[in-house]
Amino acid sequence: MTNTDWPLWEVFVRSRRGLSHTHAGSLHAPDAELALRNARDLYTRRGEGVSIWVVPSSVITASSPDEKDPFFEPSADKPYRHPTFYEIPEGVKHL
């Protein structure tokens, strides 16, 4: 397998001060282990990362921005998902 045949991997990095992983970029690698090592070298050179995820681009499924209205419409008819639906007791702090 030549490097032109290597699959594309999407890289997500969690920073030291972050609570979630964010997309850092993409790279080509023959397998997950090498993708992790290459991602570490490319995207955390200054030691800012504490965790890295690599995901083959071929397994990512995304919604279409053109279909955003019909795709997200079902969530609008569920008012119980909004905090305004619930009454907060007086003794509860920092909710």
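Above this text you will find the structure in question.
Rules and cut-offs
Residues numbered from 1 in each chain as written. Predicted model: local features only at pLDDT ≥ 70, side-chain atom pairs only at ≥ 80, totals over all residues. Heavy atoms only, no water. Helix = DSSP H or I, 4+ residues; strand = E, 2+ residues; numbered from the N terminus. Contact = heavy atoms within 4.5 Å. Areas by Shrake-Rupley, 256 points an atom, 1.4 Å probe, with all protein chains shown as cover. Buried < 20%, exposed > 50% of the residue type's maximum accessible area, 1.4 Å probe, protein only. Polar contact = N/O pair within 3.5 Å; in protein donor to acceptor, adjacent residues only side chain to side chain. Pairing = 2+ DSSP bridges. Axes fitted to C-alpha atoms, helices over the stretch in contact; angles between N-to-C directions. Expected span 1.5 Å × (residues − 1).

### Quick look at the overall build of the protein
Phase 1: The helix and strand tally for the protein stands at two helices and three strands.
Phase 2: Listing each helix as α and each strand as β along the protein from the N terminus yields β-β-α-β-α.
Phase 3: Across the protein, every contact between residues at least 6 apart in sequence was considered, and the portion connecting residues at least 24 apart equals 43%.
Phase 4: As displayed, the protein has an accessible area near 8100 Å², and 55% of this comes from carbon and sulfur atoms.

### Let's talk about the side chain of Thr44
Phase 1: By the secondary structure assignment, Thr44 is in the loop between α1 (32-43) and β3 (49-56).
Phase 2: Accessibility expressed as a relative area gives 12% for Thr44, which makes it buried.
Phase 3: Polar side-chain contacts of Thr44 include one of 2.6 Å to the backbone oxygen of Arg40.
Phase 4: Excluding its chain neighbours within four sequence positions, the residues that come into contact with Thr44 are Val13, Ala39, Gly49 and Ile52.

### Thoughts on the pairing of strand β2 (residues 22-28)
Phase 1: In this structure, strand β1 (residues 8-15) lies alongside β2, joined through six bridges in antiparallel fashion. Directly across from Glu10, in β2, lies its bridge partner Ser26.
Phase 2: Hairpin connection from β1 to β2: six residues lie between these consecutive antiparallel strands.

### Some words on the sheet that holds β3
Phase 1: An order of β2-β1-β3 is seen for the three strands of this open sheet, with the pairing classed as antiparallel. The open sheet terminates on both sides in strands that have one partner only, identified here as β2 and β3. Within the sheet, the average angular offset between the axes of one strand and its neighbour, ignoring direction, is 30°.
Phase 2: Packing of α1 onto the sheet brings it into contact with β1, β2 and β3, and relative to β2 it is tilted by some 120°.

### What to know about the pairing of β1
Phase 1: Where β1 lies against β3, seven bridges are found, and the strand directions are antiparallel. Residue Arg14 lies in a different strand from β3, and its bridge partner there is Ser51.

### Digging into α1
Phase 1: Counted at 1.5 Å a residue, the expected span for α1 with its twelve residues is 16 Å, and the 16 Å between its end C-alpha atoms agrees.
Phase 2: Where α1 begins, the side chain of Asp31 points an oxygen toward the backbone nitrogen of Glu33, at a separation of 3.3 Å.

### Topic: the environment of Thr22
Phase 1: As for its position among the elements, Thr22 is in strand β2.
Phase 2: For Thr22, a relative accessible area of 47% gives the class partly exposed.
Phase 3: With 31 residues separating them in the primary sequence, Thr22 and Trp53 have C-alpha atoms 9.4 Å apart.
Phase 4: Excluding residues within four positions of it along the chain, Thr22 makes contact with Val11, Phe12 and Val13.

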